[in-house]
Amino acid sequence: MTNQAFLLLIALLMVQLASSANTKQLTSGIPFGEDKAPRVSWNRLVALRNRANFIGRSCKEVKEKYVQSEDGLYYLTTANGVVYQTFCDMTTAGGGWTLVASVHENNIYGKCTVGDRWTSQEGNSANRPEGEGNWMNVKTFGTAEAATVDDYKNPGYYDIEAEDMSVWHVPNKTPMTIWNLASIMRYHTERRFLKLFGGNLYQLFHRYPVKYNVGAYLSDNGPSIPIVYDLGDKESTKMFYGPNTRGETEGGYISFRAINHERAATAICSGVKPKGGQVDAYCIGGGGYFPEGNPHQCGDFTSFAWDGYGTNRGWSASKEMLESSVLLFYR
């Protein structure tokens, strides 16, 4: 009996030590291995949870009212009282940038199929010239933390009254904690151009609808706004796109509602201003109809793989560009 009691005592001590070690792991603030959740201290969890008490319609308001300087997830409230969580860039160029959307190409070979929320999920159809219409509606989808894994759009897209934009190109599946470090290109505007177009992309695209046969290429394109680079430059931007595109683009801009030769509209030309009509090779998103009917067209990244996947030959974009999500911020 004495030996049995002694062995039982040893077993209980071992269990207690193991439990103590696990508790220590959970609160030490040092990550687990890749297959486990990160270890976060109790105080850190409390601080993150307390962010829900901040009241603001944008990250800029939160930064100014509550003196927040840390990048990460925050809670925002719309004018109608909708509460949502999104990522705030509190450091770039003074901070206060609100993530409102991301465009993620889930399958470049699936042309306007499920997952192409920024063009059409129901095929290339003349009967749906606006496609999903998500550039011009209040539908939301996805989560901020998964913005490099899937498409994302939150209420701030249509609710925030902003002045400028910031854009990050972040490799797909990159964890949120290293988006900034992992980006292949980052830039922002400083012209307060959104004030001229209603304060956000929702209003801008109502003035410049993204749908088939809305106008002719070049003459009916939307605005092109000069940008300031936080990572990259004009020449490196153009190199991310195919060699054939470089003769009809000018680096150092963000452009909206660009129309191609066949009168199909694309939504955003990231980092460049179009000077020709092959915009589907370097502009993202768009309406639901590309009339040429070529199997290389349609989809959120339209013709980025026209001359092969990630080859950076002909009209094909580089693999780095093709496999990066485009994150859109307001301030």
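Quick summary incoming for the structure in this document. (Residues numbered from 1 in each chain as written. Predicted model: local features only at pLDDT ≥ 70, side-chain atom pairs only at ≥ 80, totals over all residues. Heavy atoms only, no water.)

**Some points on the overall build of the protein**
And then number 1: Helix and strand counts for the protein come out as 8 helices and 11 strands.
And then number 2: The buried share of the protein, taken over its 331 residues, is 49%.
And then number 3: For the protein, restricting intrachain contacts to residue pairs at least 6 apart in sequence, the fraction spanning at least 24 positions comes to 60%.
And then number 4: Looking at the protein as shown, the accessible area adds up to about 15,200 Å², and 53% of this sits on carbon and sulfur atoms. (Helix = DSSP H or I, 4+ residues; strand = E, 2+ residues; numbered from the N terminus. Buried < 20%, exposed > 50% of the residue type's maximum accessible area, 1.4 Å probe, protein only. Contact = heavy atoms within 4.5 Å. Areas by Shrake-Rupley, 256 points an atom, 1.4 Å probe, with all protein chains shown as cover.)

**Looking at the nonpolar core**
And then number 1: The biggest cluster of nonpolar side chains holds 60 residues, and the ones touching the most others in it are Trp 135, Met 165, Phe 205, Phe 256, Ile 268 and Leu 328.
And then number 2: When residues in this core are grouped by element, the largest group, 5 residues, is from strand E10 (residues 265-274).
And then number 3: One finds Ala 144, Trp 179, Leu 327 and Phe 329 within the second-largest nonpolar core, a separate group that totals 13 residues. (Core = buried A, V, L, I, M, F, W, Y, C linked by side-chain atoms within 4.5 Å.)

**Thoughts on the environment of Ser 316**
And then number 1: Relative to the elements of secondary structure, Ser 316 occurs in the loop between E10 and helix H8 (319-322).
And then number 2: The class for Ser 316 is buried, based on a relative accessible area of 0%.
And then number 3: For Ser 316, the contacting residues outside a window of four places in its chain are Tyr 241, Gly 242, Pro 243, Phe 304, Ala 305, Trp 306, Asp 307, Gly 308 and Thr 311.
And then number 4: Within the structure, the side chain of Ser 316 is placed 2.6 Å from the backbone nitrogen of Asp 307, a separation counted as a polar contact. (Polar contact = N/O pair within 3.5 Å; in protein donor to acceptor, adjacent residues only side chain to side chain.)

**Examining the pairing of strand E1 (residues 72-77)**
And then number 1: The element E1 is largely enclosed, with a buried count of 5 among its 6 residues.
And then number 2: Where E1 meets strand E2 (residues 83-89), 6 bridges bridge the pair, whose relative direction is antiparallel. If you follow Tyr 75 over to E2, its bridge partner there is Gln 85.
And then number 3: Taking the residues between adjacent antiparallel strands as the criterion, E1 and E2 are bridged by 5 residues, where Gly 81 takes a positive phi near 95°. (Pairing = 2+ DSSP bridges.)

**Points about the pairing of E2**
Regular strands place side chains that alternate from one sheet face to the opposite one.
And then number 1: Of all 7 residues in E2, 5 are buried, a share of seventy percent or more.
And then number 2: With 2 bridges connecting them, E2 and strand E3 (residues 97-103) associate as antiparallel partners. Bridge pairing in E3 places Cys 88 opposite Thr 98.

**Digging into the side chain of Thr 92**
And then number 1: Tracing the backbone through its elements, the reader meets Thr 92 in the loop between E2 and E3.
And then number 2: On the accessibility criterion, Thr 92 (8% relative accessible area) is buried.
And then number 3: Apart from the residues lying within four places of it in its own chain, the contact partners of Thr 92 are Trp 97, Trp 168, Asn 180, Arg 186, Asp 230 and Arg 331.

**As for the sheet that holds strand E7 (residues 224-226)**
And then number 1: As summarised here, the arrangement of the 3 strands in space is E7-E9-E10, forming an open sheet in which the pairing is antiparallel. Every interior strand has two partners, whereas the edge strands, E7 and E10, have only one. With direction set aside, neighbouring strand axes in the sheet form an average angle of 20°.
And then number 2: For strand E9 (residues 249-259) and E10, the ladder comprises 9 bridges, and the chain directions are antiparallel. Within E10, the residue paired with Gly 251 across the bridge is Val 272. (Axes fitted to C-alpha atoms, helices over the stretch in contact; angles between N-to-C directions.)

**Section: the packing of aromatic side chains**
And then number 1: Summed over the entire model, instances satisfying the criterion amount to 19 aromatic pairs.
And then number 2: A ring pair is formed by Tyr 212 and Tyr 289, whose centres lie 4.8 Å apart and whose planes are at 90°; its orientation type is edge-to-face. Here Tyr 212, found in the loop between helix H6 (201-207) and E7, pairs with Tyr 289, found in the loop between E10 and H8; they are 77 residues apart in sequence, far enough to count as distant.
And then number 3: Chaining the aromatic ring pairs together yields one cluster made of Trp 118, Trp 135, Phe 141, Tyr 157, Phe 193, Phe 205 and Phe 256.
And then number 4: Note that Lys 273 overlies the ring of Tyr 253, its terminal NZ or CZ placed 4.3 Å from the centroid. (Phe/Tyr/Trp six-rings, centres within 6.5 Å; stacked < 30°, edge-to-face > 60°. Lys NZ or Arg CZ within 6 Å of the ring centre and 35° of its normal.)

Functional significance is not addressed by these values, which are geometric in nature.
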